[in-house]
Every structure is written in C-alpha cells, then in structure tokens.
2 protein chains.
Amino acid sequence: MAERNRAETEAAVARANTAFYQAFTEGSYDAMADLWARSAPVACAHPGSPVITGRDAVLESWRAILREPPPAAMRCDRVLVQLLGDAAVVTCYEGNGDRPAHLAATNVFVLEGASWRMVHHHAGPLSRAIPKPSPPSTLN
Amino acid sequence: MAERNRAETEAAVARANTAFYQAFTEGSYDAMADLWARSAPVACAHPGSPVITGRDAVLESWRAILREPPPAAMRCDRVLVQLLGDAAVVTCYEGNGDRPAHLAATNVFVLEGASWRMVHHHAGPLSRAIPKPSPPSTLN
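Residues numbered from 1 in each chain as written. Chains lettered and ligands numbered in written order. Predicted model: local features only at pLDDT ≥ 70, side-chain atom pairs only at ≥ 80, totals over all residues.

S.K.: Just give me the short version of the interface of chain A and chain B, but keep the residues and values in it.
M.R.: Listed by partner, the interface residues are 29 residues for chain A and 29 residues for chain B. For the side of chain A that touches chain B, the elements supplying multiple residues, two or more each, are strand E1 (43-45), strand E3 (74-84), strand E4 (87-96), strand E5 (101-112) and strand E6 (115-130) of chain A. The leading source of residues in the side of chain A that touches chain B is E6 of chain A, at eight residues. A per-class count over the side of chain A that touches chain B returns 17 nonpolar, eleven polar and one charged. (Contact = placed C-beta atoms within 7 Å. Helix = DSSP H or I, 4+ residues; strand = E, 2+ residues; numbered from the N terminus. Nonpolar A, V, L, I, M, F, W, Y, C, P; charged D, E, K, R; others polar.)

Right under this line is the structure:
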C-alpha cells in the first residue's frame, strides 16, 4: 500500500473509532448500531465482563449502557491503528472528561462496502490510570 | 467461504491460539517469537498495563515474562474465532491449572504465508472469575 493510501486508510479507521466514542458520549443507540458490522461476526467484552457475541446481543448490551450516558465526554487517547488489509485493530486509552484514562481498549474494524465498521470491542482496567495528554502548546 | 473451508480455517486459527498458550506455559521464548507476525504491525497489552507496540518491544516484554513461566498450565477457555478474511479475532478466558479463569483475552492473528501469526494480544481482568468448563462426560 502506498504511503499516502496508508495514511488515508488509517485516518478513516481512526474516524470510525472516534465515531464510536462520540456515540458513547451522546448516548446515541442509533449511531452505535450504525457503527457495528452487519455481515461480519461481532463480539464485545465490556470492562471486567464476559464476552458477548452476535450483533443482536452486543447491541442489546449497548442499549442498556447508553440509557445512562457517561457524565463527561468519553476520550480515546493515544490512538494507534494497525492496518491488516480489510481489517484494522485500534488501541487507545479510555477516560472521561479531564480525568486520567482508566481503561485500555482494543477496537477491531472491518471494511464493509465503503465503511469501516466495528466487529470487536474489548476494554480492560489499567492498573495505573494514564493522564490525559497535554494539548500541544500554541505558543511555540 | 464454503462451510468446510471456514471450519478448517477457524481450526487453524484456534491452533495458533493454543500454540500461544503452550509457549506461555512452557516459558519458551523461541516458540513465542515464532508465533508473532514478521511483516504486519504488532501490539500487546498485558493485564492492567499500557500498550506495547512493535515486534522488538513486544517480544522483549515476553522475554521478561517467560523467565518465570506460570506455576500451572495456562488455559484458554471458551475459545471463539471471528474470521475477517486474512485476519481473525480470537476471544477466550485465561486461567492457570484448575483455577477459575481471571482474565478475558482478545488475540488477533493474520495469515502470513501459510501461517496464522499473532499481531495483537490484550488481556484484561474479569470482575468475576469464570470456572473452568467441565470436561464432557465420557459416559454414553
């Protein structure tokens, strides 16, 4: 894959990852449902919980979670995209608002048609919370 | 993918996943190094820890871990394979010996040549340990 194509593809995957945390923050079930794959098999492991499999069961778990959206915006810090052809693994740290991130997440996406859709989400507790990255200085 | 091909491919991925826990159990750095992808980007999140990226750093973390192999065989219970073309996501629960599983794991593999090789491992603590599945009855 040419470098430019790779960068564009990674950016598209990162946008899908951002959309996931946006849907979470907004408590939007419709946006969350739109994000998960239609054809590919899906699975989800919420923090500390057993693995849920199948689109219906995974979305049902999100319906319950999204009834009470998080009190502050969900962050995904230090996003890293591993491209694997028409699949991609994203790792990031999850936190709320300005608090240190307390979860490590693995999010897997596949290309369905022209859209990167989620097939797997696994968030697990970090032993030590990771502070929110400082915004880049605007003062040089 | 025809059903038979799918079953064979899922079995090949499951064997790679088993080989990972075998290498872990045996404290075999060479077997572990052989298992991780050469060409595809790799990442690893050990339980509670930040994400490690790149083959060298990931294998260095395993070298340290494998110096003290687990006191009892590592189990991977309730293995589930999600096939995504030339990539596959495996979920399972990790435990030692006969003790209940205390970690949920996401393991991602890609097909490199004829071998399924690991590109991602993420193990996170379970809030409630999951008992070892009973062996199927040998009566009947």
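The discussion continues.
S.K.: Explain the relation of the copies chain A and chain B residue by residue, including any values.
M.R.: Aligned on chain B, chain A shows an RMSD of 0.0 Å; the corresponding rotation is 180° and the shift along the axis is 0.0 Å. Here the symmetry operator amounts to a two-fold rotation axis. Residue glycine 124 of chain A of chain A places its C-alpha closer to the rotation axis than any other residue of that unit, at 2.3 Å. Interface overlap between copies: 100% of the residues of chain A at the interface are likewise at the interface in chain B, consistent with a symmetric, same-surface contact. (Least-squares fit on C-alpha atoms with pLDDT ≥ 70 in both.)

S.K.: Explain the sheet that holds strand E5 (residues 101-112) of chain B residue by residue, including any values.
M.R.: All names here are of chain B. The six strands are arranged E2-E1-E6-E5-E4-E3 in an open sheet whose pairing can be described as mixed. Edge strands, defined here as strands with exactly one partner in the open sheet, are strand E2 (52-53) and strand E3 (74-84). Inspection of the sheet shows strand E4 (residues 87-96) paired to E5 by eight bridges, in the antiparallel sense. Its bridge partner lying in E5, valine 89 is registered against valine 108. In the packing of helix H1 (residues 3-26) onto the sheet, contacts are made with E3, E4, E5 and strand E6 (115-130), and the angle to E3 comes to roughly 145°. (Pairing = 2+ DSSP bridges. Axes fitted to C-alpha atoms, helices over the stretch in contact; angles between N-to-C directions.)

Scope: geometric values only; no functional claims are made or implied.
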